[in-house]
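What follows is the residue order along each chain.
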Amino acid sequence: MSEQMTQTAPPADVQPLAKVQTPLQRFASDYFENKIAAGALFVLIGIIFIAIFAPLISPQDPYDLSSVSVLDSKMPPGSQHFDGWTFYLGTDGAGRDLLSAIFYGLRISLGVGIVSGVIALVIGAAIGMIAAYFGSWVDTLIMRIVDIQLSFPTILVALILLALLGKGVDKIIIALVIVQWAYYARTVRASALVERGKEYIEAATCLALPQKRIMFRHMFPNCLPPLIVVATLQTASAISLEATLSFLGVGLPVSEPSLGLLISNGFDYMLSGRFWISFFPGIALLITIVSINLVGDQLRDVLNPRLQK
Amino acid sequence: MTVFIIRRILQSVVVLFVMSFLVFSSVNLVGDPVEMMVSDEADQAERDRVIKSMGLDKPWYTQYGLFVVNAFKGDLGNSFVYGEPALQIIVARMPATFELALVSLFMSVVIGIPLGVWAGLFPDKISSKIVMSGSILGFSLPTFWVGLMMIMVFAVMLGWLPSTGRGDTVEILGIDVSFLSADGLSHLFLPALNLALFNTSLVIRLTRAGVREAVHQDYIKFARAKGLSNTRVIMVHLMKNIMIPVVTVLGLEFGGLIAFSVVTETVFAWPGMGKLIIDSIQSLDRPIIVAYLMIIVFVFVIINLVVDVLYSILDPRVRLQDVSS
């Protein structure tokens, strides 16, 4: 679908003056104009890389009982393992290398955030398109539900759901999807309503194309830019929400140690001055969320036609 | 106007019923209601008594009717842990949560508005840029982690402030409050600051945007041309106009504060509703969970209703649009 977008943009009869820029190149050069956003993108790529290859680059498999020793527990950053390698960020209460635990935690945090974001996007976008395309009572009904849901804070909705559903990876993904779909539906509906009035939709309708095709092949690609921005920012808030819920003990089970659970585990040791068990996973979480937000902000500026020179 | 309010009240009632049905069905239909409402240690006689009292031999719509009737009577079951009516326990915890939310709202105004005005008046100063970057952090930082770090720095390392509990309370009109005693205030400071973090960032951004827009307007130029002092121009003429969006957004955020106090209360062991629900989820104290859900939904429906009605009074476009649709 993105190929379609790139093909349509430059009109064929305009003579290029200096050099030809494909829309993708133009997008990239616009994006990298902001040095902070460029840095954030590289940090984010690095984090995703770490999350994917966590088992290969971690000094230790923190959940392999044979390599973890309770004798190493609660060691401060920079301590030596008896094999000679260093715990750069110290160890947690069970003697796990904190750096490795963070790498594995990033995996779960990012995974839950992205999976729930994608599912919510698909559901929300489809519902938003339906609301915009059919209008009348369908639209009123859907948007009323969206309004009512958005009038409750996300953490409250998630907490209610998890109190009823119980713990588990699937449960928290369900909760995050239910919390997020309304944002996507609202975004897609808003831009689809604008697109619906344009001539190309009229033309497609005159060609008697099936409604499904008009909705998803013609309208949807043109609604993508704001959706991409919302998706980025929503993923950051989903990761943050998951960490919060796991910290509260209603999110992920102990067998799936996300960053929120690591921080929660460290809470018990903090009052005795062992700050690193909570501190470093928190920093990892912070870097992840801030870099996603910075990328999202820059995407919003670049993709917004009103701000273009 | 009346039509609008009636429609909104009807909508709120519908939301309440839908939520009560969802809570009821997830407790009574999806799960095993006996297991849900009776603690694991209960013997067979206790189980039989509950099955009979809940009317589980009756069809589901009768059961739902009973649930609603009992809820209206204020009977949402007894807590397993405390052995008292769930509703009573939650209502007893409410003042602590509301106090925390109000104090944190106050803090975000007191900290946020001066910083926002400063950043709006001198957008190019380094200090303003630091304030603005700080507000981005305020949005991005997970509240619970900041709370932990506050405990780490101020309670463990420096030892200045206590990290848990509510401290000494003073009774006013039958409600215990912390902010009137020195000890209570020292206990209140960190949790309230933690909870205020997000709203402070929000207030800074709103105030700055408002100031940036207002300083170029004619009425400010005119006030300056009249020879008014700088302080008066800022404190009276500017402030009046930038307060409208700030007050509106803060009003809307109050509900969010009550919801997010769940996190802050857990971190600082503040004995409010939020800590109670987390403890109850951990100890599977289901009557408390059900009662909390019903109360919090009720509170939010009321908050949303009040906000909507106030909006329609302030901005006639809202109600006209709604009536026509």
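Residues numbered from 1 in each chain as written. Chains lettered and ligands numbered in written order. Predicted model: local features only at pLDDT ≥ 70, side-chain atom pairs only at ≥ 80, totals over all residues.

## Considering the overall build of chain B
So, point 1. Secondary structure assignment for chain B yields 13 helices and two strands.
So, point 2. The burial tally for chain B puts 37% of its 325 residues in the buried class. (Helix = DSSP H or I, 4+ residues; strand = E, 2+ residues; numbered from the N terminus. Buried ≥ 20, exposed ≤ 12 C-beta atoms within 10 Å, placed from the backbone.)

## A word on the overall build of chain A
So, point 1. Helix and strand content of chain A: 12 helices and two strands.
So, point 2. Long-range contacts, defined as pairs at least 24 residues apart, comprise 69% of the intrachain contacts of chain A with a sequence gap of at least 6. (Contact = placed C-beta atoms within 7 Å.)

## Considering the interface of chain A and chain B
So, point 1. Taken together, the contact pairs 31 residues of chain A with 27 residues of chain B.
So, point 2. Only α6 (136-150), α7 (154-165), α10 (211-248), α11 (259-270) and α12 (276-303) of chain A provide two or more residues apiece to the side of chain A that touches chain B.
So, point 3. Per-element accounting of the side of chain A that touches chain B gives the leading share, seven residues, to α12 of chain A.
So, point 4. Its residues assigned to classes, the side of chain A that touches chain B shows 22 nonpolar, nine polar and no charged. (Nonpolar A, V, L, I, M, F, W, Y, C, P; charged D, E, K, R; others polar.)

## Digging into the packing of helix α6 (residues 126-140) of chain B against helix α8 (residues 182-214) of chain B
If you want to describe how two helices pack, look at the angle between their axes and the distance between the axes.
All names here are of chain B.
So, point 1. Between α6 and α8, whose axes approach to 8 Å, the crossing angle comes to 140 degrees. Taken together, the axes of α6 and α8 are oblique relative to one another. Crossing geometry of α6 relative to α8 is assigned as left-handed. Packed against α6, whose contacting residues are V131, S135, G138 and F139, the element α8 presents L197, F198, T200, S201, I204 and R205 at the interface. (Axes fitted to C-alpha atoms, helices over the stretch in contact; angles between N-to-C directions. Parallel < 35°, antiparallel > 145°, perpendicular 65-115°, else oblique. Left-handed = near helix turned anticlockwise from the far one by under 90°.)

## Points about the nonpolar core
So, point 1. Within the largest apolar cluster, 152 residues are counted, with the highest numbers of intra-cluster contacts made by A158 of chain A together with L293 of chain B.
So, point 2. Per-element accounting of this core gives the leading share, 18 residues, to helix α5 (residues 98-134) of chain A.
So, point 3. Leave out the neighbours within four places in its chain, and L293 of chain B touches I160 and A163 of chain A together with V23 of chain B. (Core = buried A, V, L, I, M, F, W, Y, C linked by C-beta atoms within 7 Å.)

## What to know about the environment of S283 of chain B
So, point 1. By secondary structure assignment, the location of S283 of chain B is in the loop between α11 (273-282) and α12 (286-314).
So, point 2. When the C-alpha atoms of S283 of chain B and V81 of chain B are compared, they prove to be 8.1 Å apart, with 202 residues separating the residues in sequence.

## What to know about the packing of α8 of chain B against helix α10 (residues 230-268) of chain B
Residue and element names in this part refer to chain B.
So, point 1. The interhelical angle for the contact between α8 and α10, taken along N-to-C directions, is 160 degrees, at an axis separation of 8 Å. By the angle between their axes, α8 is roughly antiparallel relative to α10. With respect to the hand of their crossing, α8 and α10 are arranged in right-handed fashion.
So, point 2. A per-class count over the contact of α8 with α10 returns 17 nonpolar, seven polar and one charged.

## Let's talk about the environment of H187 of chain B
So, point 1. Inspection of the secondary structure assignment puts H187 of chain B in helix α8.
So, point 2. C-alpha separation for the pair H187 of chain B and V215 of chain B, spaced 28 residues apart in sequence, amounts to 40 Å.

## Some remarks on unusual backbone geometry
So, point 1. Look at A208 of chain A: it is not a glycine, yet its phi comes out positive at around 60 degrees.
So, point 2. Relative to the elements of secondary structure, A208 of chain A occurs in the loop between α9 (199-206) and α10.
So, point 3. The class for A208 of chain A is exposed, based on 7 C-beta atoms found within 10 Å.
So, point 4. Phi is positive for A269 of chain B, close to 50 degrees, though the residue is something other than glycine.

## Describing the confidence of the model for chain A
So, point 1. Model confidence for chain A is summarised by a mean pLDDT of 79, while 82% of its residues fall at 70 or above.
So, point 2. Segment residues 1-7 of chain A is flagged for pLDDT under 50; beyond a separation of four residues in sequence, or across chains, it makes six contacts in the model. (pLDDT = per-residue confidence, 0-100.)

## Overview of the confidence of the model for chain B
So, point 1. When pLDDT is averaged along chain B, the result is 78, and 83% of the positions lie at 70 or above.
So, point 2. Model confidence for the complex: the whole-complex pTM is 0.79, and ipTM, which rates the interface, is 0.75.

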